There are 2 protein chains.
Amino acid sequence: MSQRDIGYHRHMARWQPDARGRLEAAAFELFRERGFEQTTVADIAARAGLDKRTFYRLFGDKREALFSGSERVEEALVKVVAETDAAPFEAVVAAFRQMAAEIFADRRELVRMRQSIIESSPELQERELRKTGALLAAVTAALRAKGFDETTAILATESGGTVFRVAYARWVSPDSDASLADLIAEVATELSAITSSSPGRR
Amino acid sequence: MSQRDIGYHRHMARWQPDARGRLEAAAFELFRERGFEQTTVADIAARAGLDKRTFYRLFGDKREALFSGSERVEEALVKVVAETDAAPFEAVVAAFRQMAAEIFADRRELVRMRQSIIESSPELQERELRKTGALLAAVTAALRAKGFDETTAILATESGGTVFRVAYARWVSPDSDASLADLIAEVATELSAITSSSPGRR
DNA sequence: CCGAGCGATGTCACGTGGCGACATCACGAG
DNA sequence: CTCGTGATGTCGCCACGTGACATCGCTCGG
């Protein structure tokens, strides 16, 4: 048939290439069409020409099909933090700006669709929190590896994460056209202003 | 019989009082004995002398049995934020300190047990993240109601939340005996130091 | 004193998530 | 050609979570 130089399939579709990618794509489509909860794992597998069981061999979870980019994000973040020799908070902010430019910048519309899926399901929101938590833990570890003490590393990481989340929310919102990196820089200075006031107890 | 002025039960146990509390207690015990995933909802209900279906009428979820205190925490937090007239970040920190004194102070051992359960299960960790997220959203709303703009409210809230999480982690750790309120104050000043540095780009 | 109404519970059945065990297929090496 | 290997399909299972319906025991009006 008109199959390229890729896998083989006779009766149905056995050993087509990139099963993972096809499942991710199928999941993404179905989540948008019917919503996350209305989509069955069997549905996803069927659209990808595979079986439910195969899905679970490639993803730990139904939710995981939506969160496959996180390894790359983590790598990018850790790389910058490890290579930058600035104060911890500044290093984390720089890492987020760099990562935003590398990975998010030219996928704005895709990211918006993905985010709208996530916001439609509490289960997916939970999973996103867990994923970003893991990301931040990796950043904290990278900071610790540079000699900073635990508390400093955590506080810098969490603050940087807060900055990113706020900037990201703005960037994703439909009425924004600034670049994510710029938004991050803006929010970072706003944060500094807020947390550095005098002991103003009345 | 020797039943007090409380409910009735004939064949088994129909209409005993405080079904919710009994289910929470049963869940807590079983999670400690067998672990969260090894415990079945039917097990919990059985230990409480109830049926699986009743559990689901009182809790949305198997996980929810562990997270029932959050309404009280939210109330306490919002109350202080609404009544305090300090800068936003300081107000949030004050709210956490007050809440810690009111609710956590005299339950340290209980909190430690609960936390060890949560840390043993990714599912429970996800749920905890979601719960604290909801808490923080309420605090943000309270700040907004006082006239602060959205970004300021979010940044102050998230920063306060970060401070609390770090202080809480220290307080729960077995080798600490300082009060939670004091730890929060300490961490808050550490955070101010970290996020307020000069634009130190090399 | 009794029957109607009611609220909390139990019972049953079902779809789905997720997983272990085993069968099956296509390939590549010998 | 045969055999092994890795990716897949098939089957069966248990637990989660929910809708529909039955039941219990109280409370209140008659």
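Going by the structure above, here's the rest.
In this text, all values refer to a predicted model and were calculated from it rather than measured experimentally.

So, how was this worked out
Think of each chain on its own: its residues are numbered from 1, step by step along the sequence as written. Working convention: letters from A go to chains and numbers from 1 go to ligands, in the order in which they are written. Restriction of local features to residues with pLDDT of at least 70 applies here, the model being predicted, together with a cutoff of 80 or more for giving and counting side-chain atom pairs; totals for whole chains, interfaces and linings are based on all residues. The side-chain numbers reported here are obtained from all heavy atoms of the structure, hydrogens and water having been left aside. By nonpolar core we mean a set of buried residues, namely Ala, Val, Leu, Ile, Met, Phe, Trp, Tyr and Cys, connected to one another through side-chain atoms within 4.5 Å. Exposure categories follow from relative accessible area, calculated using a 1.4 Å probe and restricted to protein chains: below 20% of the type maximum is buried, above 50% is exposed, and the middle band is partly exposed. Any two residues having at least one pair of non-hydrogen atoms within 4.5 Å are treated as being in contact. The superposition of copies rests on a least-squares fit of C-alpha positions from residues with pLDDT of 70 or more in both. What counts as a helix is a DSSP run of H or I of at least four residues, what counts as a strand is a run of E of at least two, and both are numbered from the N terminus. The charged-residue count follows a simple rule in which Lys and Arg add positive charge and Asp and Glu add negative charge, with His and chain termini not counted at all. Criterion for a salt bridge: a side-chain nitrogen of Lys or Arg within 4 Å of a carboxyl oxygen of Asp or Glu. Counted as a polar contact is a pair of N or O atoms within 3.5 Å, where, for protein atoms, one must be capable of donating a hydrogen and the other of accepting one, and residues adjacent in sequence contribute only when both atoms are in side chains. Helix axes use the C-alpha atoms of the stretch in contact, all axes being lines fitted to C-alpha atoms, and the angles between their N-to-C directions lie in the range 0 to 180 degrees. Throughout, the term roughly parallel applies to angles under 35 degrees, roughly antiparallel to angles over 145, roughly perpendicular to angles from 65 to 115, and oblique to all others. Here a crossing is called left-handed whenever its near helix is offset anticlockwise from the far helix by less than a right angle, and right-handed whenever the offset is clockwise. Charged means Asp, Glu, Lys or Arg here, nonpolar means Ala, Val, Leu, Ile, Met, Phe, Trp, Tyr, Cys or Pro, and polar covers whatever is left, Gly included.

A.B. asks: It is not clear to me how the nonpolar core should be interpreted in this structure. Could you clarify?
C.D. replies: The nonpolar side chains of soluble globular proteins are, as a tendency, buried together. Core analysis: the biggest nonpolar cluster contains 74 residues, and M99, F104 and I184 of chain A together with M99, F104 and I184 of chain B have the highest contact counts within it. Other than its neighbours up to four places away in sequence, F104 of chain B contacts V73, M99, V111, F164, Y168, W171 and L180 of chain B.

A.B. asks: Would you explain the relation of the copies chain A and chain B in this entry?
C.D. replies: One copy of the chain maps onto the second through a rotation around an axis plus a translation along that axis. Once chain A is rotated about the relating axis by 180 degrees and shifted along it by 0.1 Å, it coincides with chain B to within an RMSD of 0.0 Å. Look at the turn and shift together and you get a two-fold axis relating the two. Residue E126 of chain A of chain A places its C-alpha closer to the rotation axis than any other residue of that unit, at 2.7 Å. Here 100% of the contact residues of chain A are again contact residues in chain B; the copies associate through an equivalent surface.

A.B. asks: I'm lost on the side chain of R108 of chain A in this one. Help?
C.D. replies: All names here are of chain A. Summarising the element assignment, R108 is placed in helix α6 (residues 108-119). Put simply, R108 is tucked away with no salt bridge, and the nearest opposite charge, on D177, sits 6.0 Å away. In this structure the side chain of R108 is engaged in a polar contact, spanning 2.7 Å, whose partner is the backbone oxygen of S176. Leaving out residues up to four positions away in the same chain, R108 has contacts with W171, S176, D177 and A178.

A.B. asks: Help me understand the packing of helix α7 (residues 122-145) of chain A against helix α8 (residues 150-172) of chain A, please; the structure alone is not making it clear to me.
C.D. replies: All names here are of chain A. Running from N to C, α7 and α8 point in directions that differ by 140 degrees, and their axes come no closer than 9 Å. Overall, the two elements α7 and α8 adopt an arrangement that is oblique. Our pair here, α7 against α8, has a crossing hand that is right-handed. Residues L136, V139, T140, L143 and R144 of α7 touch α8, and the partners they reach there are E150, A153, I154, A156, T157, E158, G161 and R165. Here the contact of α7 with α8 is built from residues that sort into six nonpolar, three polar and four charged.

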